[in-house]
Amino acid sequence: MTLFDEFEDAVRAERPVALATVIEGPHPGAKLLIRPGEEHQGTLGQPDLDRVVARDAAGELEAGRTLVRHYGAEGQAREEAVSVFIESFAPPPQMLIFGAVDFTAALARVAKVLGYRVTVCDARPVFATRQRFPMADEVVVDWPNRLLEKVGADLGPRDAVCVLTHDPKFDVPAVISALATRVGYVGAMGSRRTTDDRNRRLLEEGVDPAHLDRVMAPIGLDIGARTPEETAVSICAEIIALRTGRRAPNLRDGDGAIHAGGVQH
């Protein structure tokens with residue numbers, strides 16, 4: 001079986017994998033297969049080049065990026081003796097939405113359009129039903145901290161946790177558990193008063209103030225959203241802006257009313 005065959009098998013099984021191929025340089029067509037937590041397979045023709053490319057490919061795989069990178073003959077940076085095409089396949093990013101509330105269905109729909117695998121979680125079985133959220137990949141009846149204990153180790157920079165409740169006994173454990181993971185985005189819904197109260201509770205529970213800076217609350221960009229659908233767009237836009245490093249007017253760092261017209265969610 002060739003490395004490309006192994007790459008295809010991993011893609012079909014939805015396991016993260018990257019394939020690096022020399023497209024310009026001393027060994028055109030040479031390939032290196034990279035899988036998280038495993039030794040790389042194959043060679044690009046030079047051991048130091050293999051080591052550097054495997055390291056870089058692991059980073060591109062975590063970010064879900066496919067691109068061409070350039071190296072010296074032995075993997076030196078800022079040289080162009082070798083051009084390597086790094087083809088990454090990562091499973092769909094995950095979005096965990098905590099709280100089966102009015103905004104949840106709209107956020108789940110927008111997230112699915114963006115390619116997320118969506119899980120809706122609420123401890124109340126009467127609200128967390130497949131009938132209410134048919135667009136979600138999974139609907140879980142459980143407490144958020146217990147779900148995150150199960151799946152938190154699998155969350156990474158491409159993933160998102162959105163807490164849409166206003167109940168301290170639900171959203172405080174959710175935020176604390178999310179901050180214990182490597183998830184790229186943690187957002188929490190609420191008015192500025194709700195956010196201040198939640199932040200106080202989080203600090204009382206021992207959350208490091210520096211870690212609290214990871215929480216985007218009030219959640220979303222400041223676009224004057226009013227409806228659940230508009231709010232969902234503002235949340236997803238904030239996730240994209242944070243992931244791409246773009247500056248955008250978010251509600252957390254602003255002041256005044258959350259919605260146009262002074263409506264608070």
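The structure under discussion appears in the preceding block.
Figured I'd write up the structure that's included with this text.

**Describing a nonpolar patch on the surface**
A surface patch of nonpolar side chains, amounting to about 270 Å² of accessible area, comprises Val113, Leu114 and Ile240. For Leu114, the position within the fold is in the loop between α3 (102–113) and β7 (117–122).

**Looking at the environment of Arg117**
Residue position: Arg117 is located in strand β7. On the basis of relative accessibility, which here comes to 35%, the residue Arg117 falls in the partly exposed class. Considering only alpha carbons, one finds Arg117 and Gly72, 45 residues apart in sequence, at a separation of 39 Å. Non-local contacts of Arg117, meaning those with residues more than four positions away in its chain, are made with Pro92, Pro93, Gln94, Met95, Asp137 and Glu138.

**Concerning the sheet that holds strand β8 (residues 138–141)**
Pairing within the open sheet is parallel, and its 6 strands lie in the order β8-β7-β6-β9-β10-β11. Edge positions in the open sheet fall to β8 and β11 (215–216), since each of these has one partner strand only. Note that strand β10 (residues 185–188) and β11 share 2 bridges and pair parallel. Across the sheet, the residue bridging to Gly187 is Met216, located in β11. Taken strand by strand, helix α4 (residues 144–151) contacts β6 (94–98), β7 and β8, and its axis lies near 160 degrees from that of β6.

**Examining helix α5 (residues 168–179)**
Relative to the 16 Å expected for 12 residues at 1.5 Å per residue, α5 spans 16 Å between its end C-alpha atoms, a close match to the ideal helical length. Listing the buried residues of α5 in full gives Phe170, Asp171, Val172, Ala174, Val175, Ser177, Ala178 and Leu179.

**A closer look at the packing of aromatic side chains**
The full count for this structure, using the stated rule, is 2 aromatic pairs. Ring centres 5.9 Å apart and planes at 45 degrees place the aromatic pair Trp143 and Phe170 in the tilted group. A residue pair is termed long-range when its members are at least 10 positions apart, and Trp143 in the loop between β8 and α4 and Phe170 in helix α5 qualify at 27 residues. The exposure class assigned to Phe170 is buried, which follows from its relative accessible area of 6%.

**Section: unusual backbone geometry**
For the peptide bond that leads from Ala217 to Pro218, omega is -5 degrees, which places it in the cis range. For Glu14, which is not a glycine, the phi torsion comes out positive at approximately 60 degrees. Mapped onto the secondary structure, Glu14 falls in the loop between α1 (3–12) and β1 (17–24). With a phi close to 60 degrees, Arg78 is a non-glycine residue in the positive phi region. Along the chain, Arg78 turns up in the loop between β4 (67–71) and β5 (82–89). Exposure remark for Arg78: the relative accessible area of 81% places this residue in the exposed category.

How each quantity is defined
- Residues numbered from 1 in each chain as written.
- Predicted model: local features only at pLDDT ≥ 70, side-chain atom pairs only at ≥ 80, totals over all residues.
- Heavy atoms only, no water.
- Patch = residues over 30% accessible without salt bridge, like charges linked within 9 Å, V, L, I, M, F, W, Y side chains within 5 Å.
- Areas by Shrake-Rupley, 256 points an atom, 1.4 Å probe, with all protein chains shown as cover.
- Salt bridge = Lys/Arg side-chain N within 4 Å of Asp/Glu carboxyl O.
- Helix = DSSP H or I, 4+ residues; strand = E, 2+ residues; numbered from the N terminus.
- Buried < 20%, exposed > 50% of the residue type's maximum accessible area, 1.4 Å probe, protein only.
- Contact = heavy atoms within 4.5 Å.
- Pairing = 2+ DSSP bridges.
- Axes fitted to C-alpha atoms, helices over the stretch in contact; angles between N-to-C directions.
- Expected span 1.5 Å × (residues − 1).
- Phe/Tyr/Trp six-rings, centres within 6.5 Å; stacked < 30°, edge-to-face > 60°.

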